[in-house]
Amino acid sequence: MSVALIWIVIGILLILSELLLTSVIAVFLGIGAIATGLLLHWDLIAESSTQFAVFGVVSLALLIFARGQFKRWFMGYTTDEDDAKPNFQRDIGARVKVIRDFNHGAGRVVLNGVQWDAFSEDELKAGETAWVLANEGIQLTVGREKPVKE
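Attention here is on the structure that accompanies the text. Along each chain, numbering runs from 1 in the same order as the chain's sequence is written. Confidence filtering applies because this is a predicted model: local features only for residues at pLDDT of at least 70, side-chain atom pairs given and counted only at 80 or more, and all residues used for totals across whole chains, interfaces and linings. To obtain the side-chain values, all non-hydrogen atoms of the structure were included, while hydrogens and water were left out.

**What to know about unusual backbone geometry**
Here comes step 1: The backbone of D43 shows a phi angle near 60°, a positive value even though the residue is not glycine.
Here comes step 2: By definition, any uninterrupted DSSP run of H or I lasting at least four residues is a helix, any uninterrupted run of E lasting at least two residues is a strand, and each is numbered from the N terminus. Topologically, D43 is positioned in the loop between α2 (26-41) and α3 (48-75).
Here comes step 3: Categorising residues by exposure relies on relative accessible area from a 1.4 Å probe, with only protein chains included: less than 20% of the type maximum marks a residue as buried, more than 50% marks it as exposed, and the intermediate range marks it as partly exposed. Take D43: its relative accessible area is 66%, and that puts it in the exposed class.
Here comes step 4: The phi dihedral of N112 falls on the positive side, at around 55°, and the residue is not glycine.
Here comes step 5: On the secondary structure map, N112 appears in the loop between β2 (106-111) and β3 (114-119).
Here comes step 6: On the accessibility criterion, N112 (68% relative accessible area) is exposed.

**As for the packing of aromatic side chains**
Here comes step 1: What counts as a ring pair is set by centres within 6.5 Å for rings of Phe, Tyr and Trp (its six-membered ring), and what kind of pair is set by the plane angle: stacked under 30 degrees, edge-to-face over 60, tilted for all other angles. Counting across every chain of the model gives two aromatic pairs.
Here comes step 2: Relative to F52, the ring of W7 has its centre 5.5 Å away and its plane inclined at 65°; by these criteria the two rings are edge-to-face. Of this pair, W7 sits in helix α1 (residues 3-17) while F52 sits in helix α3, and the two are 45 residues apart along the sequence.
Here comes step 3: The buried category is assigned to W7, whose relative accessible area is 10%.
Here comes step 4: When its relative accessible area of 52% is taken as the criterion, F52 is described as exposed.
Here comes step 5: Taking 5.4 Å as the distance between ring centres and 45° as the angle between the ring planes, the aromatic pair formed by W7 and F55 counts as tilted. Residue W7 is located in helix α1, and its partner F55 is located in helix α3; the two are separated by 48 residues in the primary sequence.
Here comes step 6: Taken together, the ring pairs in this structure connect W7, F52 and F55 into an aromatic cluster.

**Notes on the packing of α1 against α2**
Here comes step 1: In contact at an axis separation of 7 Å, α1 and α2 are set at 160° when each is read in the N-to-C sense. Between α1 and α2, the interaxial angle falls into the category roughly antiparallel. Here α1 and α2 pass one another in a crossing that is left-handed. Contact with α1, carried on its side by V3, A4, W7, I8, G11, I12, L14, I15 and S17, involves A26, V27, L29, G30, I31, A33, I34, T36, G37, L38, L40 and H41 of α2 and no other residues of that element. Every angle, taken between N-to-C directions, lies between 0 and 180 degrees, and every axis is a line fitted to C-alpha atoms, over only the stretch in contact when it is a helix. An angle below 35 degrees is treated as roughly parallel, one above 145 as roughly antiparallel, one from 65 to 115 as roughly perpendicular, and anything else as oblique. A clockwise turn of the near helix away from the far one marks a right-handed crossing, whereas an anticlockwise turn of less than a right angle marks a left-handed crossing. The contact rule is simple, with two residues in contact once any of their heavy atoms fall within 4.5 Å.

In C-alpha cells form, the structure reads like this:
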C-alpha cells in the first residue's frame, strides 16, 4: 500500500469519525490528510516533513476559516427559537395536530413529531389543528384558537 493511499484512507476514516463526534474538528483533519495524500500521489510533494507540513497547514487553515460554516451544516440551526425562554415556554403558541378525539377534555396531540397527552375545553376531533396554550410538564393544554403573543 502506498503512502499516498494511507493518507487518503486515514482522511476518509477521520471524516467518517465525525459522524460519531460532535466537535466538527475531525473532518478538517480528514480533509488535510486527503489533500496530503493527493499531493503525494501526484508527486507534488515527497519528503515526510513536507507531508506533515501540508497536513498541518491545510487542516489548521480549514479549522480557522471554515469551522463555523461546517458546524452549521453538521449541527443545524434554528432562527426562530428564543434562548431566553425555557423550553416548555417555547411550545406555547405552537400548532399541534389532534390524533385522538378529546373526550371529557382529554385527548392526544402531536407536537414536533412527539405524541403528548393534552387537555382542552374545546371539543376537538382527530385530524383537527389546535394550538398550545400551556405546557404543564408532560401534558399540554390546547385550544382551537391561537393564543395572542404578549
